[in-house]
Amino acid sequence: MISVRMRAELKGIHVSGAERIVDEGQVERVVKELLKRPKDYNKMVITLEKLEEIYIIPKALTIYSYDFESVQSARNFAVKKLEEAGISRDLAKRAIELLEKGPNPKGGNMRGAVLMDVRTGERLEPDQERGIRTVRVDWKDRKSIKLALLKRGIKRQYLHRLLDALALATKNVYCGVLAELCWSDDPDYTTGYVASKNIGYVRIKPLKELNNPLGGRVYFVERDRVEEIINCLEKKAVLVEAL
Ligand code: COA
Ligand code: AMP
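Keep in mind that what you see is a predicted model, and the values were worked out from it rather than measured.

Peer 1: Lay out the overall build of the protein with the relevant residues and their values.
Peer 2: From N to C terminus, the protein includes six helices and twelve strands. Computed over the C-alpha atoms, the radius of gyration of the protein is 17 Å, within 12% of the 18 Å expected from 2.2 N^0.38 for a compact globule of 243 residues. A buried classification covers 51% of the 243 residues belonging to the protein. If you take every contact in the protein between residues at least 6 apart in sequence, the share linking residues at least 24 apart comes to 69%.

Peer 1: Explain the domain arrangement of the protein to me, using residue names and the numbers behind them.
Peer 2: What the domain assignment lists for the protein is domain 1 (2–52) and domain 2 (57–242). In this assembly, domain 1 packs against domain 2 so that about 820 Å² is buried in total across both faces, 45% of it on carbon and sulfur atoms. If you sort the residues of domain 1 by the area they bury against domain 2, Glu19, Ile21 and Arg37 come out on top, with a joint share of 57%. One can count two salt bridges joining domain 1 with domain 2. Of the charged contacts in the structure, one is a salt bridge between arginine 136 and glutamate 49, with a shortest N-O distance of 2.9 Å. Seen at the junction of domain 1 and domain 2, the total is six residue pairs in polar contact (both at pLDDT 80 or more).

Peer 1: Please set out the state of the cysteines residue by residue, giving values where relevant.
Peer 2: In total, this model carries one disulfide according to the counting rule given. Here cysteine 175 connects covalently by a disulfide to cysteine 232, the sulfurs 2.1 Å from one another. One disulfide, between cysteine 175 and cysteine 232, carries an S-S torsion of -70 degrees and so falls in the left-handed class. In this pair, cysteine 175 is assigned in helix 5 (residues 156–175) and cysteine 232 in helix 6 (residues 226–235), connecting sequence segments 57 residues apart. In this structure, cysteine 175 and cysteine 232 share a single accessibility class: buried. In this model cysteine 182 remains outside any disulfide bridge; the closest cysteine sulfur is found in cysteine 175, 16 Å from its own. Here cysteine 182 falls in the buried class, since its relative accessible area comes to 6%.

Peer 1: Any chance you could break down the side chain of glutamate 19 for me, citing the residues and the numbers?
Peer 2: Of note, glutamate 19 is situated in strand 2 (residues 13–22). In this structure, glutamate 19 is buried with no salt-bridge partner, the nearest side chain bearing the opposite charge being arginine 5 at 5.6 Å. Separated by 2.9 Å, the side chain of glutamate 19 and the backbone nitrogen of arginine 136 make a polar contact. Not counting chain neighbours up to four residues away, the residues in contact with glutamate 19 comprise Ser3, Val4, Arg5, Thr134, Val135, Arg136, Val137, Asp138 and Arg142.

Peer 1: Give a description of the packing of aromatic side chains that names residues and reports values.
Peer 2: Under the counting rule described, the total for this entry stands at five aromatic pairs. Residues phenylalanine 68 and phenylalanine 77 carry aromatic rings whose centres are separated by 5.1 Å and whose planes lie at 40 degrees to one another, so their mutual orientation is tilted. We classify phenylalanine 68 as partly exposed; its relative accessible area is 26%. Where tyrosine 193 meets tyrosine 201, the ring centres are 4.5 Å apart and the plane angle is 35 degrees; that geometry is what we call tilted. The exposure class assigned to tyrosine 193 is buried, which follows from its relative accessible area of 3%.

Parameters at a glance
Residues numbered from 1 in each chain as written. Chains lettered and ligands numbered in written order. Predicted model: local features only at pLDDT ≥ 70, side-chain atom pairs only at ≥ 80, totals over all residues. Heavy atoms only, no water. Helix = DSSP H or I, 4+ residues; strand = E, 2+ residues; numbered from the N terminus. Rg over C-alpha atoms; globule rule 2.2 N^0.38 Å. Buried < 20%, exposed > 50% of the residue type's maximum accessible area, 1.4 Å probe, protein only. Contact = heavy atoms within 4.5 Å. Domains from an automatic or database assignment. Buried area = accessible area lost by both parts, 1.4 Å probe. Salt bridge = Lys/Arg side-chain N within 4 Å of Asp/Glu carboxyl O. Polar contact = N/O pair within 3.5 Å; in protein donor to acceptor, adjacent residues only side chain to side chain. Disulfide = S-S within 2.5 Å. Lys, Arg positive; Asp, Glu negative; His and termini not counted. Phe/Tyr/Trp six-rings, centres within 6.5 Å; stacked < 30°, edge-to-face > 60°.

Structural data, given as structure tokens:
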């Protein structure tokens, strides 16, 4: 199979990224689809890579959705869920504060996720401006998953995001991430999530105020597994089979 990856920049700033893992015969169709992803760009890079080995995850994390009246009550709920996932209250709050102020030490967003030591809260990613990215992950049959999500009442405008983020969070758990906190850096998108093996994929709205351009991801990990986890997140090709 082939890993098809697209990233686009506008005036030197990353504006869009997406990926697929497909049979060779699907590459043309998928490239055409990804070409349409960014609204505007002045540079786009498409990468095709032949994959030797692919691991199948039989089932995605179970989806739950919760809406709140205020960011504060949504964040309180996120903390409660992270506690259920085995993260201490103190660290869950610290992760939220980190995304709130912008996790890049130079200010603003990162290009990947924070790795947070689940015991001490220390940051373990080798480069704190870059972070770690989860790559080489897709659905085995994206179309059927899309239809199944529509049937469950997921609105069309949330579909792409949910598909991508659910596959990514499912791979993270498979790779050994104990829990994850995420909200988007897109100023128009306020739904975030927390995820882990036991709590599933918990969508929470609104985890930030509208028009706020800051976002990010925090992966809680055990320090002595960091190298193995980074290798899995970045390198291992994974397809998720079913919802
Ligand atoms: N954010 C910011 N910059 C990014 C980026 C991202 N998500 N992905 C790539 N870049 C930029 C960086 O400058 C990067 O250099 P760096 O490694 O020093 O950070 C450069 O592009 C090259 O990145 P690389 O990892 O070689 O890109 P790739 O060709 O392997 O493609 C993507 C990776 C774009 C597919 C992946 O990052 C991505 O965005 N996947 C989709 C994730 C997703 O679905 N997120 C949505 C969840 S809601
Ligand atoms: P997004 O959900 O695309 O708005 O991304 C939110 C944040 O997650 C970004 O600001 C990055 O810090 C981080 N991020 C983006 N892509 C990835 C990825 N592939 N893996 C891990 N973190 C990512």
